[in-house]
Each structure stands twice: as structure tokens, then as C-alpha cells.
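Structural characterization, general
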Amino acid sequence: MLKYDAAPLAVLFIGGTGTISASCVRLAAAHGMAVSVLNRGANRVGRSLPPEVEQLTADVADDASVRAALGGRSFDAVVNFLSYDDDDVARWVSLFSGRARQYVHISSGSIYAKPVLVTPITESTPVGPNPPLPYATAKWRAELALARAYREQGFPVTVIRPSHTYDDANPPLPGGWTVVDRIARGAEIPVHGDGTSLWTLTHAEDFAQGLVGLLGSERAIGETFHITGDDVLTWDQIYTLFANALGVEPRLVHVASELYPVVAPEWFWSGEFVGDLGHSAVFDNSKIRRFVPGFAPRLTFERAVKRMIEWREAHPETATGDAATEAILDRIVDAYHAAHQAFADRAPALEDAS
């Protein structure tokens, strides 16, 4: 019995060494696909790829560079992890019209309009611009542009919406390895809201099952899917599982989501707390299972955390915090204590309360 279905497709991954894409490249190769990756040739974190994967080197922001790398080749499927906004979409549609039988655009689960009024989230849940989160708004505009290209030009697009996908080298914590370092040494960790909102996390290896299963599928052309795990946790649980794996007690302080942009407007995650992470997000995966019957996320987050800690121990040169993020987190914690004291100063005296 084969471990994977044989799928002799020619597949190009734009990106290929990132948090999500590296696992997809590995699984596509394991399925017998002829896999090429197109990127600048950098692999900063050192995610390994199978030796049979072909490396095409180009500046993906430069059309001439991309055309030179591709030559006259075409592909059964092209998967683009790097496309961002509607202008970017226009470039890629021009580059791959006639070159790809299927073009897979990696969008984002953050484009669903917040707050979501009905759960779980399905592909028909309303989407829209997300002003606190320019990334999400850009991804929404990119989807609109691709829908026009499909409708008006027959461009063979399949849209994928992941939600907070991580791998062993990239923990899904706002602040990444800096937060893990703080947990390990017993420093206080700011948590948005009251820590009880529900959040869906997806390991890249689980995401890859769904994505690779869609490659080469004519039925998937013109369709939109979200591919997420089924592991749903509160944010307090997420942080606490890291603390448990490190053998320490977590020191969590809860900060109202809307205050992060006030004290740390330059931090990417501040907008995320207001526009996305501050809201519960639970997804219905029945559609991807209809198209890919074998899709079955297998990693629990509790066990995945242990793998991340093992990666940290094995890669101390890259799995480490940074001073800039550390300073931001210190500033947020300091603001939390200042606000707490301000409330305490305004509390009525006991005799007044009586």
C-alpha cells in the first residue's frame, strides 16, 4: 500500500522555504510530483527540502527576472505564497496566463469580517476590508482581483485561506521566539483581552495535506477553501502550554486589545489584536474534506509545542528572541502595571465605600 497517492504533476511553488510552503514542498515531492521552487535562493531559517526539488532563482518582485528563470516552461499547478495585493495579482496573472493549468493563491483567514456573527466560519462567511490590519485588507483586495480574472479571463485560480499556520521553526505567538524566551526565564507576558477568546492553530504539515490534495484538481478551479486545523484553544491555554513544555509557571498579564496600538503603534501584532486575534475564530473544514477526503489534521498543539521547544534547543542561532521585540513587550507590561496602579489610585476608600 502506497503511503501517498501517486500524482505525477509538474508543480511550481513561489516561495517554498517559508513557514507554510516548506511543508507543502516536501509533501508534494513525496506524492511523486516534479517540484520546482522559485525564490531569491535564501533560506534563512534552514528548513530542509528534498534533494530532488528544483531551485529556480529570481527576484520575485521583478517580472524580467521571473521570466528569465521560467523560460518557456508551463506547469500543471503554480502555488503562490508571496502574492499580496491587487497590483501584485495583476502581475502574476500576466506572468502565468497560459503557463499554469491551475494557479493556487494563498490568501488569509483574516479577511473574514470581524467580529464574525455566526460560527463556525465557512467559506461563505462575509469578507471585507479590515482597517486595523492592512495585511488583511490587501489580501481581500487580491481575492477580488483574482475573482475578476477568473470571471473575465478564465484564469484558473483556486483560493486558499489558511488561519495562523505555524511550524517547528516559527511558534504561533505574537512576538515569536522572544516570547518563548520570556516565558522560559519567568518574565511577564502580555496577553490580549482576557485570554479566553478561541483561536484556531494549524501546523504547516497538516495544512500541506489539504493543499497538496487540491493540486491538479479541475474541480477546484474557481473555488475557495480554508484549510485549518481542528485544534481550538484559548490564548491563555496557548501560552500556558509553552510554559508547561518549558517546565515553568506562566506569568500572564491581560491587556485590552484596543490599547496595544496606543502603546505600541509600530508593532505588527498591535493591529492583529484589534482586527483579528482579538476575536474568536473557529473554522468549518467540511469543504476541504469533500474535495480531499484524506485531509485529517493529526498534530495536537500540545505535542506540537514540544517539537517547537526541541527545535529551539537544536537551533539556538536562529530560534532566539530579538532586542526590539523585547523592548516592545517590556513597554506593554510597564503600561499594564501603570494602568493597574491608576485604577487602584482611583478606588474609593473603604470608609467611602461603606
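Right above here is the structure, for reference.
This section reports on the structure supplied with the text.

**Details of the pairing of strand β6 (residues 157-162)**
In terms of burial, β6 is a largely internal element, six of the six residues being buried. Sheet analysis places strand β5 (residues 103-106) next to β6, joined by four bridges and oriented parallel. By the bridge assignment for β6, isoleucine 106 is matched with isoleucine 160. After leaving β5, the chain enters helix α4 (residues 134-153) and then returns to the sheet as β6, a path that is right-handed. Judged from the four bridges that link them, β6 and strand β10 (residues 224-227) form a sheet pairing that is parallel. When the sheet's bridge partners are listed, isoleucine 160 is paired in β10 with phenylalanine 225.

**Brief notes about the pattern of salt bridges**
Applying the stated rule across the entire model yields 20 salt bridges. Its salt-bridge partner being glutamate 188, residue arginine 251 comes within 3.6 Å of it at the nearest N-O pair. Here the residue arginine 251 occupies a position in the loop between α7 (235-246) and β12 (252-255), and glutamate 188 occupies one in the loop between α5 (177-185) and β8 (189-192), the gap between them amounting to 63 residues. Note on arginine 251: relative accessible area 43%, which makes it partly exposed. A salt bridge links arginine 289 to aspartate 230, with the nearest nitrogen and oxygen atoms 2.7 Å apart.

**Digging into the sheet that holds strand β2 (residues 34-39)**
Within a sheet, adjacent strands bond to each other through the backbone by hydrogen bonds, running parallel or antiparallel. Overall, parallel pairing links the seven strands, which are arranged β3-β2-β1-β4-β5-β6-β10 in an open sheet. Edge strands, defined here as strands with exactly one partner in the open sheet, are β3 (54-57) and β10. Adjacent strand axes in the sheet meet at a mean angle of 20° when their direction is disregarded. Relative to β3, β2 runs parallel, the two being bridged by four bridges. Each bridged residue has a counterpart across the sheet, and for valine 37 the counterpart in β3 is glutamine 55. Sheet contacts for helix α3 (residues 86-96): β1 (10-14), β4 (77-80) and β5; angle to β1, the most-contacted strand, approximately 155°.

**Remarks on helix α12 (residues 323-345)**
Taking 1.5 Å per residue as the helical rise, α12 with its 23 residues ought to reach 33 Å, and the 33 Å between its terminal C-alpha atoms agrees with that figure. Among the residues of α12, those classed as buried are Thr325, Glu326, Ile328, Leu329, Ile332 and Val333. Each element contacted by the buried residues of α12 is listed here: α5, β8, β12 and α8 (260-263). With a side-chain oxygen lying 3.2 Å from the backbone nitrogen of alanine 324, the N-terminal cap of α12 falls on aspartate 322.

**Some details on the nonpolar core**
Judged by nonpolar contacts, the single largest core of 40 residues is most densely connected at Phe242, Trp267 and Phe301. If you list the elements that add at least two residues to this core, you get α5, β8, β9 (198-203), α7, α9 (268-277), α11 (301-314) and α12. Ignoring anything within four residues of it in the chain, the contact list for phenylalanine 242 reads Pro171, Pro172, Leu173, Val180, Ile183, Phe301, Val305, Met308 and Ile309.

**With respect to the sheet that holds strand β7 (residues 165-166)**
Spatial ordering of the open sheet is given by β7-β9-β11, a layout of three strands whose pairing is mixed. The open sheet has two edge strands, β7 and β11 (231-234), and neither has a second partner. Across two bridges, the pairing between β7 and β9 is parallel. Among the inter-strand pairings, tyrosine 166 is bridged to a residue of β9, identified as histidine 203. The strands touched by helix α6 (residues 204-214) within the sheet are β7 and β9, with β9 carrying the most contacts at an inclination of about 75°.

**Structural notes on the packing of aromatic side chains**
Within this structure, the stated rule accounts for 14 aromatic pairs. Both rings, one in tryptophan 199 and one in tryptophan 235, keep their centres 5.9 Å apart while their planes meet at 35°; by these two values the pair is tilted. One end of the pair, tryptophan 199, is in strand β9; the other, tryptophan 235, is in helix α7, and 36 residues separate them in sequence. A single burial state applies to tryptophan 199 and to tryptophan 235, both of which are buried. With 6.0 Å between their ring centres and 70° between their planes, phenylalanine 242 and phenylalanine 301 make a pair best called edge-to-face.

**Here's the deal with α9**
Here α9 lies mainly inside the structure; eight of its 10 residues are buried. Among all positions in α9, only Trp269, Ser270, Gly271, Glu272, Phe273, Gly275, Asp276 and Leu277 are buried. In this structure, the buried residues of α9 make contact with β8, β9, α7 and α8.

**Let's talk about the environment of valine 93**
Along the chain, valine 93 falls in helix α3. Considered as a pair, valine 93 and valine 116 are 23 residues apart in the sequence and their alpha carbons are 31 Å apart. Residues within four places of valine 93 in sequence aside, it is in contact with Leu146, Ala149, Gln153 and Phe155.

**Quick word on the side chain of histidine 226**
Tracing the chain through its elements places histidine 226 in strand β10. Reaching out from histidine 226, the side chain makes a polar contact with the backbone oxygen of aspartate 284 at a distance of 3.3 Å. Ignoring anything within four residues of it in the chain, the contact list for histidine 226 reads Tyr112, Ile121, Thr122, Glu123, Arg161, Phe283, Asp284, Asn285 and Ile288.

Reading guide: rules and limits
- Residues numbered from 1 in each chain as written.
- Predicted model: local features only at pLDDT ≥ 70, side-chain atom pairs only at ≥ 80, totals over all residues.
- Heavy atoms only, no water.
- Buried < 20%, exposed > 50% of the residue type's maximum accessible area, 1.4 Å probe, protein only.
- Helix = DSSP H or I, 4+ residues; strand = E, 2+ residues; numbered from the N terminus.
- Pairing = 2+ DSSP bridges.
- Right-handed = clockwise from strand over helix to strand, strands pointing away.
- Salt bridge = Lys/Arg side-chain N within 4 Å of Asp/Glu carboxyl O.
- Axes fitted to C-alpha atoms, helices over the stretch in contact; angles between N-to-C directions.
- Contact = heavy atoms within 4.5 Å.
- Expected span 1.5 Å × (residues − 1).
- Polar contact = N/O pair within 3.5 Å; in protein donor to acceptor, adjacent residues only side chain to side chain.
- Core = buried A, V, L, I, M, F, W, Y, C linked by side-chain atoms within 4.5 Å.
- Phe/Tyr/Trp six-rings, centres within 6.5 Å; stacked < 30°, edge-to-face > 60°.

This is a description of form; function is not addressed.
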